[in-house]
Amino acid sequence: MRFKTSLLKEPKHRELVSCVGWSSADELFSCSEDHQILKWNLLTNETSVVVKLQDDIYPTDLHWFPKAVSGKKQTMAEIFVLTSTDGKFHFVSKTGRIEKSVEAHRGAVLAGRWNYDGTALITAGEDGQIKIWSKSGMLRSTLAQQASPVYSVAWGPDSDRVLYTLGRQLVIKPLQPGSKVMQWKAHDGIILKVDWNSVDDLILSGGEDCRYKVWDSYGRLLYASSPNDYPVTSVAWSPDGEVFAIGSFNTLRLCDKTGVRNVLNDAVDILEFRDRVIKASLAHGHLVVVTSLQCSIYSTKNWNTPLIFDLKEGTVSLIRQAERHFLLADGGGIYVYSYDGRLVSAPKFPGMRTNVLSVQSVSLSNDTIAIRDKSDEKVVFLFDAQTGKAIGDGKPLTHKMEVMEIALDQCGPSSDRKIALIDKNRDLYVAAVRRLGREQTLHKLGTMVHTMAWNDSTNILCGIQDAQFTVWYYPNVVFVDKNLLPKTLYTKDGSEFTRAPHILNYTGGQVTVRRADGSLVYSTVSPYPALLHDYTASARWEDALRLCRFAKDQGLWACLAGMAVNSKELSTAEVAYAAIGEVDKVQYITFIKDQPSKESSLAHMLLFSGHVQECEATLLQAGLVYQAIQIHINLYNWDRALELAVKHKTHVDTVLAHRQKFLQDFGKKETNKRFLQYSEGVEVDWDKIQAKIEMEVSRERERATSSSIRSSVASRR
């Protein structure tokens, strides 16, 4: 990516240009000390004078009113605020009319910024004051009073904090009274400009020390430039937070540069567009290119005939691709398109802000869309990709802490779709997307995870965990046997990635990581786990066993054990658990195989995976009440065992007998009121209990045999 600079047609400014602002993707407004406001059209390369200001108005800053939430039009959306040296700020319409002028500060008003939802305006002045105004220009409060001029100010991503300059220091002040103010020395000279990106929560600053720096919202330095020749007078993030621009005397800089090349035959294709390119994405065999007016879809097999369709808005800020379709986000909403250019769906939720979406907060798979809510970062909305409707009961996924990054796995049926997330504590969790009425449960995979990515063709997850590169060969194992998780990990030293790395993609057996200095580092992953996933997905269990015997890898055997349990393939699971020395689980699997009916086998498989409620429901639905009661007895869930026995009027004496034996073994007396109540009227006789249990087991075997005979007869017919 590089800047394209040009001198457009007359008219042009005759004095210093003090501020600029984009009204759309192709229209720029500029103000100068020549008292003129000019409009620059990038499509026609023409400029025009919007208005000639009064001679006493010298502009210092310009900021357009933000687009309304969900793209709904408002009259204020055609207005920008203009601050000036006469101590006033002015509301100016797109046609150049000054709608209102407000006396704001003693001395020059150096900065003015709307918050992200357009409900408030903040100004900073030469008098050291920072003031908050309503959108109609009424003073709400004076946020701060400093002894020196405040040159620049910016809103936090949630509009609940304000960043401003104070000499060589940066200050973050929450709007809530009594909250802690954060302040730190940021530069060796006076700080002239700051910007706070709403997508990735990063702060950019530039000052008279001729440096520009990047910070996180805790004041930790992430990047510091080498000294430039002149002071840094302007800084700005791109809307998606991927790049930023730096302005100095006679200098304009952009931080990123990318290119595309066919590495198979070293062929280079030059793609030309009639309008300037805003965004591009290459994945899953397709290149999606967005200009200010159109979207072009190229197949990597044919670069000559792209599919092209017109866009509603030329402000696309995000592209996300999956195997079957891709997602675009612009100022008006979120849209899912097929690769033949057909609109598939347009998901919406209350308070959706498309201008702050990023690759960290939006994920797409063939059947699911996941979007983190900006107004409450603990919430992730899940939508069906084909319909755009909320999945299941419509309730979003809610975490106990703010979510920083989300990612959907890309393979397998929609019923098995999983979502991985990293929260504010840098803990990595995984959850099932389609819960089928069950309560949402998040399972922790790791801690101190800085970045992560799913493989594009297999449900294998990789991440950088603390100072190590980690691969979760089978993240789904936490749903079937949590104890296997440590055995299914691959780790290696990640010092080559340096500080603050970011995983760009995980394609095939290769992971691409961008380091903090912008360079790319590649890491390879063993092909065996992906091959094992393929074998088990197609039920080729003998091939899977042969692969594990050939590789002689404990991690691979542990993956196979989890995959076999998940698929109810007990014989393979028995061999795999034996290979990793899990003798107790081998014995339990043998016990499951000996169960008299399919229902009880399924129930014990659920119990094996820790799903007690599902196990109980399966047994009760099959009429196996005693089995359900006995499971709770074995788990020492005494209250639930007694509750089931009383409800179904059977085996109350069985529960009481086991309870008495349990207390005798530990030398304790009964204190539970319910057990004391039923003990008075129920006689405990172990012989009768044993006879009743044998009768239950015999009845279950007879029922299973009869069912098997009926199935055999039906198949012959």
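Residues numbered from 1 in each chain as written. Predicted model: local features only at pLDDT ≥ 70, side-chain atom pairs only at ≥ 80, totals over all residues. Heavy atoms only, no water.

**Student:** An account of the overall build of the chain is needed here, citing residue identities and associated values.
**Tutor:** A count of helical and extended segments in the chain gives 12 helices and 46 strands. Dimensions along the principal axes, computed over C-alpha positions, put the chain at roughly 105 × 65 × 50 Å. In the chain, buried positions account for 49% of the 717 residues. Restricting the contact set of the chain to residue pairs at least 6 apart, pairs at least 24 apart contribute 42%. Averaging the coordinates of the 86 positive side-chain charges in the chain and doing the same for the 83 negative ones gives two points 2 Å apart. (Helix = DSSP H or I, 4+ residues; strand = E, 2+ residues; numbered from the N terminus. Buried < 20%, exposed > 50% of the residue type's maximum accessible area, 1.4 Å probe, protein only. Contact = heavy atoms within 4.5 Å. Lys, Arg positive; Asp, Glu negative; His and termini not counted. Charge placed at Lys NZ, Arg CZ, Asp CG, Glu CD.)

**Student:** Any chance you could break down the nonpolar core for me, citing the residues and the numbers?
**Tutor:** Of all hydrophobic cores here, the largest spans 59 residues; its most connected members are L428, L532, L560 and Y577. A per-element tally of this core places helix α3 (residues 554-566) first, with 9 residues. Once residues within four sequence positions are removed from consideration, Y577 is found in contact with D481, L484, A561, V565, E582, K585, V586, I589 and F608. Formed by 20 residues, the second largest nonpolar core is a distinct cluster that contains A628, A641, A645 and V652. (Core = buried A, V, L, I, M, F, W, Y, C linked by side-chain atoms within 4.5 Å.)

**Student:** Describe in detail the packing of helix α8 (residues 625-634) against helix α10 (residues 652-665), supporting the description with residues and values.
**Tutor:** Viewed as axis vectors pointing N to C, α8 and α10 meet at an angle of 15 degrees, and their least axial separation amounts to 11 Å. When the axes of α8 and α10 are compared, the pair comes out roughly parallel. Like other packed secondary-structure pairs, α8 and α10 cross with a definite hand, here right-handed. Of the residues in α10, those in contact with Y626, I629, Q630 and I633 of α8 are T654, V655 and H658. (Axes fitted to C-alpha atoms, helices over the stretch in contact; angles between N-to-C directions. Parallel < 35°, antiparallel > 145°, perpendicular 65-115°, else oblique. Left-handed = near helix turned anticlockwise from the far one by under 90°.)

**Student:** I'd like to hear about the sheet that holds strand β21 (residues 232-237), residue by residue, with values.
**Tutor:** Read across the sheet, 3 strands follow the order β21-β22-β23 without closing on themselves; strand pairing throughout is antiparallel. Each end of this open sheet is capped by a strand with a single partner; those strands are β21 and β23 (251-254). For this sheet, the mean angle separating the axes of adjacent strands, direction not counted, is 15 degrees. Across 4 bridges, strand β22 (residues 244-248) lies against β23 in antiparallel orientation. The residue of β23 that forms the bridge with I246 is R253. (Pairing = 2+ DSSP bridges.)

**Student:** Quick rundown of a nonpolar patch on the surface? Include the residues and the values.
**Tutor:** A surface patch of nonpolar side chains, amounting to about 280 Å² of accessible area, comprises L504, L520 and Y522. Following the sequence through the fold, L520 ends up in strand β46 (residues 520-524). In this structure L520 comes out as partly exposed when scored by relative accessible area, which is 39%. (Patch = residues over 30% accessible without salt bridge, like charges linked within 9 Å, V, L, I, M, F, W, Y side chains within 5 Å. Areas by Shrake-Rupley, 256 points an atom, 1.4 Å probe, with all protein chains shown as cover. Salt bridge = Lys/Arg side-chain N within 4 Å of Asp/Glu carboxyl O.)

**Student:** Explain the sheet that holds strand β35 (residues 397-398) residue by residue, including any values.
**Tutor:** The sheet built from 4 strands is open, its strands ordered β32-β33-β34-β35 with antiparallel pairing. Of all the strands in the sheet, the pair left with one neighbour each is β32 (362-364) and β35. Relative to strand β33 (residues 368-372), β32 is paired through 3 bridges, and the arrangement is antiparallel. Among the inter-strand pairings, V362 is bridged to a residue of β33, identified as I371.

**Student:** Tell me about the packing of aromatic side chains, and please be specific about residues and values.
**Tutor:** All chains considered together, the criterion is met by 29 aromatic pairs. Above the plane of the ring of F479 lies K418, whose end atom (NZ or CZ) is 5.1 Å from the centre. Sitting over the face of the ring of F675, R659 holds its NZ or CZ atom 4.7 Å from the ring centroid. (Phe/Tyr/Trp six-rings, centres within 6.5 Å; stacked < 30°, edge-to-face > 60°. Lys NZ or Arg CZ within 6 Å of the ring centre and 35° of its normal.)

**Student:** Requested: an account of helix α9 (residues 638-648), with residues and values cited.
**Tutor:** Listed as buried for α9 are W638, A641, L642, L644 and A645. Buried positions in α9, seen along its axis, are confined to an arc of 160 degrees and lie on one side of it. Of the surrounding elements, those touching the buried residues of α9 are α7 (612-621), α8, α10 and α11 (673-681). The first or second residue beyond α9 is K649, which carries a positive phi of 55 degrees. (Arc of directions from axis to C-beta.)

**Student:** Please give an account of the packing of α9 against α11 that cites residues and values.
**Tutor:** To describe two helices that pack against each other, one gives the angle between their axes and the distance between the axes. Interhelical geometry of α9 versus α11 gives an angle of 40 degrees and a closest axis separation of 11 Å. For the element pair α9 / α11, the angle class is oblique. Relative to α11, the crossing made by α9 is left-handed. Together, W638, D639, L642, E643 and V646 of α9 and R674, F675 and Y678 of α11 make up the contact between the two elements. Per-class residue counts for the contact of α9 with α11 are 5 nonpolar, no polar and 3 charged. (Nonpolar A, V, L, I, M, F, W, Y, C, P; charged D, E, K, R; others polar.)

In short, the description is geometric, and any link to function would need to be established separately.
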